Amino acid sequence: MEQTEKTINATPEEIDGIKKTLDAYIEAALKGDSQIAKPAFAETATISYNEDGKLVSSPIAALYEYYDQTGPHHAEYTITAAQVAGNVAVVSIDSKFGDVRFDDMFTMVKDGDDWKIVSKVYHVK
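Residues numbered from 1 in each chain as written. Predicted model: local features only at pLDDT ≥ 70, side-chain atom pairs only at ≥ 80, totals over all residues. Heavy atoms only, no water.

A look at the environment of Phe-102
Then comes step 1: Along the chain, the position of Phe-102 falls in strand S6 (residues 100–111).
Then comes step 2: With relative accessibility at 14%, the residue Phe-102 sits in the buried group.
Then comes step 3: Between the C-alpha atom of Phe-102 and that of Ala-40, which follows or precedes it by 62 residues, the distance is 19 Å.
Then comes step 4: Look past the residues within four positions of Phe-102 in its chain and what remains in contact with it is Ile-93, Asp-94, Ser-95, Phe-97, Tyr-122, His-123, Val-124 and Lys-125. (Helix = DSSP H or I, 4+ residues; strand = E, 2+ residues; numbered from the N terminus. Buried < 20%, exposed > 50% of the residue type's maximum accessible area, 1.4 Å probe, protein only. Contact = heavy atoms within 4.5 Å.)

As structure tokens, this is what we get:
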């Protein structure tokens, strides 16, 4: 099977919609307010990561608790890859929350005109 290397397979309009969702994710950290992030996520979204060699997977409420417990702090991101197929997308970003850098990966689904995050997985750099 032939492989091609594409990091962005999305139209400018799709990227704009994805950025709108990711901006809410980041703004919640900037303001320390989980309510800002909630519209970016599906109600059934999950967050997953590896801790001490073991998979941890939780409802997205764990992220909301993080926002509310840590309060406002610096946050930023850069999209490193985006693959869109119709109304679904897989998006990777480099992010920084406070002094900690992350590789974040999101599975997103279109809900009306908006992109919703259905799963977030991350790796601390």
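Next comes the rest of the write-up.
Here we look at the packing of aromatic side chains
Then comes step 1: According to the stated counting rule, one finds 10 aromatic pairs in the structure shown.
Then comes step 2: Ring centres of Phe-41 and Tyr-64 lie 6.1 Å apart, and the angle between their planes is 80°; on these two criteria the pair is classed as edge-to-face. Remark: Tyr-64 occurs in helix H3 (residues 61–70) and Phe-41 occurs in strand S2 (residues 41–51); sequence separation between them is 23 residues.
Then comes step 3: Both rings, one in Phe-97 and one in Phe-102, keep their centres 5.8 Å apart while their planes meet at 85°; by these two values the pair is edge-to-face.
Then comes step 4: Among the aromatic residues, those joined into a cluster by ring pairs are Tyr-25, Phe-41, Tyr-49, Tyr-64, Tyr-66, Tyr-67, Phe-97, Phe-102, Phe-106 and Tyr-122. (Phe/Tyr/Trp six-rings, centres within 6.5 Å; stacked < 30°, edge-to-face > 60°.)

Observations regarding helix H1 (residues 12–31)
Then comes step 1: A rise of 1.5 Å per residue sets the reference length of H1, with its 20 residues, at 28 Å; its end C-alpha atoms lie 28 Å apart and thus fit the reference within 8%.
Then comes step 2: Burial in H1 covers these residues: Ile-15, Gly-17, Ile-18, Thr-21, Leu-22, Ala-24, Tyr-25, Ile-26, Ala-28 and Ala-29.
Then comes step 3: Backbone geometry just downstream of H1 places Gly-32 in the positive-phi region, at approximately 65°. (Expected span 1.5 Å × (residues − 1).)

A word on the side chain of Ser-95
Then comes step 1: Locating Ser-95 in the fold gives a position in strand S5 (residues 88–97).
Then comes step 2: Under the relative-accessibility criterion, Ser-95 is labelled buried at 2%.
Then comes step 3: Within the structure, the side chain of Ser-95 is placed 2.5 Å from the side chain of Asp-104, a separation counted as a polar contact. (Polar contact = N/O pair within 3.5 Å; in protein donor to acceptor, adjacent residues only side chain to side chain.)

What about the nonpolar core?
Then comes step 1: By size, the foremost hydrophobic cluster in this structure holds 31 residues, and its most contacted members are Ile-18, Leu-22, Tyr-25, Phe-41, Tyr-67, Ile-79 and Val-91.
Then comes step 2: Broken down by secondary-structure element, the contributors of at least two residues to this core are H1, S2, H3, strand S4 (75–85), S5, S6 and strand S7 (114–124).
Then comes step 3: No other element matches the 8 residues that H1 contributes to this core. (Core = buried A, V, L, I, M, F, W, Y, C linked by side-chain atoms within 4.5 Å.)

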